[in-house]
Amino acid sequence: MKLGTVVLAAAMLSGIAPLGAQTQSSRSAAELMDAVMWNREPIGGPFALVDQNGKPRTNEDFRGKVMLVYFGFTYCPDVCPTDLQNIGLALDQLGPAGEQIQPLFITVDPERDTAEHLKDYVPMFHPRLVGLTGDAAAVHAAAAAYRTYYAKIPLKGDDYTVDHSSFTYVVGAAGQYLGFFPPGTPPERIAESLRPRLKP
Ligand code: NI
């Protein structure tokens, strides 16, 4: 969320061709932020992606676990690594009860974040963190279901970054949406909030 709509609007005004609808959110950052913040729309739903081992995975695979769903990209310089580290630390703090939680990292940069690439990345944060990627349409559908904003921001040359919302969504064992942690939530807070949702 560090760049925001202003930069996107500026890029559009400066004549850079808009990217295809499937490679970024179809809705504005403000609209999606409101949907999440004020709980105006259902959050979550089915997804069909591929994990860091190249295995197809859907939301159904994680039924029975409390899912922590985080959208980001591996080249993210600061926000994603910090939040993923906090999730990993929170799981460790929960001890054996933490095993009822399935942390998921869904990339919004499938072009660079291949399964092989995720395989090197996710273990840095937690041994049970599952990385998910897919084709542009599958990633677009997953992000849309979670009301997650993402958009490519061109940098120098062929380089680019991805502006994205950074909520950690919490989904119950039956697949029901429970709420979200905002970016930068410390591990202690995550662990304390989740503990009452877990069997002792
Ligand atoms: Ni990020």
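To start, this report covers the structure provided alongside it. Everything numeric here is computed off the predicted structure, so don't read it as measured data.

### Observations concerning helix H6 (residues 187-194)
Every α-helix carries 3.6 residues per turn, so stepping three or four residues along brings you back to the same face.
Thought 1: By the burial criterion, the buried members of H6 are Pro-187, Ile-190, Ala-191 and Leu-194. Buried residues of H6, viewed axially, fall in a sector of 95°; they line one side.
Thought 2: As for H6, its buried residues are in contact with strand S3 (66-72), helix H3 (79-94), strand S4 (101-107), strand S8 (168-171) and strand S9 (177-181).

### What to know about the nonpolar core
Thought 1: Counting residues in hydrophobic clusters, the biggest one holds 50 residues, and the most contacted among them are Val-69, Phe-71 and Tyr-146.
Thought 2: What Phe-71 contacts, discounting residues up to four positions off in sequence, is Ile-106, Val-108, Ala-142, Ala-143, Tyr-146, Thr-148, His-164, Ser-165 and Tyr-169.

### What about the coordination of the nickel ion?
Thought 1: Summarising the metal site, the nickel ion is bound by the protein donors Cys-76 (SG), Cys-80 (SG) and His-164 (NE2), whose distances to it range over 2.1 to 2.3 Å.
Thought 2: Here the donor residues of the nickel ion share one chain and are spaced in sequence as C-x3-C-x83-H. Taken as a pair, Cys-80 in helix H3 and His-164 in strand S7 (residues 160-164) lie far apart in primary sequence, 84 residues in all.
Thought 3: Look at Cys-80 and you get buried, because its relative accessible area is 0%.

### Side note on the packing of aromatic side chains
Each aromatic ring pair is described using two quantities: the centre-to-centre distance and the angle formed by the ring planes.
Thought 1: Taken as a whole, this structure holds ten aromatic pairs when the rule is applied.
Thought 2: Between Phe-105 and Tyr-121, the aromatic rings sit 5.6 Å apart at their centres with planes inclined by 40°, giving tilted as the arrangement. Taken as a pair, Phe-105 in strand S4 and Tyr-121 in helix H4 (residues 115-121) lie far apart in primary sequence, 16 residues in all. Residues Phe-105 and Tyr-121 agree in their burial class; the two are buried.
Thought 3: With a centroid separation of 6.5 Å and 55° between ring planes, the pair formed by Tyr-169 and Tyr-177 is classed as tilted.
Thought 4: Through a chain of ring-to-ring contacts, the aromatic side chains of Phe-71, Tyr-146, Phe-167, Tyr-169, Tyr-177 and Phe-180 assemble into a single cluster.

### A word on the pattern of salt bridges
Thought 1: Scanning the entire structure with this criterion turns up ten salt bridges.
Thought 2: A salt bridge links Asp-34 to Arg-40, with the nearest nitrogen and oxygen atoms 3.5 Å apart.
Thought 3: On the basis of relative accessible area, Asp-34 is assigned to the partly exposed category, the value being 31%.
Thought 4: A salt bridge links Glu-41 to Arg-147; its shortest N-O distance comes to 2.8 Å. Placement of Glu-41 in the loop between helix H2 (29-37) and strand S1 (48-51) and of Arg-147 in the loop between helix H5 (136-145) and strand S6 (150-154) is noted, with a sequence separation of 106 residues between them.

Reading guide: rules and limits
In every chain, residue numbers begin from 1 and rise along the written sequence. Thresholds applied to this predicted model are a pLDDT of at least 70 for local features of residues and 80 or more for the giving and counting of side-chain atom pairs; totals over whole chains, interfaces and linings are not thresholded and use all residues. Here the side-chain values reflect all heavy atoms present in the structure, with hydrogen atoms and water set aside. Residue exposure (1.4 Å probe, protein chains only): buried if accessible area is under 20% of the type maximum, exposed if over 50%, otherwise partly exposed. Working definition: helices are DSSP H or I runs of at least four residues, strands are E runs of at least two. Numbering for both runs from the N terminus. It is the directions from the helix axis to the C-beta atoms that the arc portrays. In what follows, a contact means two residues having at least one pair of non-hydrogen atoms within 4.5 Å. Side-chain atoms within 4.5 Å are what join buried Ala, Val, Leu, Ile, Met, Phe, Trp, Tyr and Cys residues into a set we call a nonpolar core. Donor atoms (N, O, S) are those found within 2.8 Å of the metal centre, with the cutoff raised to 3.2 Å for Na, K and Ca; water is not part of the atom list, so apparent gaps in a site can occur. Pairing of aromatic rings covers Phe, Tyr and Trp, the last counted by its six-membered ring, and requires centre-to-centre distances within 6.5 Å; plane angles under 30 degrees mean stacked, over 60 mean edge-to-face, and any other angle means tilted. Each reported salt bridge corresponds to a side-chain nitrogen of Lys or Arg within 4 Å of a carboxyl oxygen of Asp or Glu.

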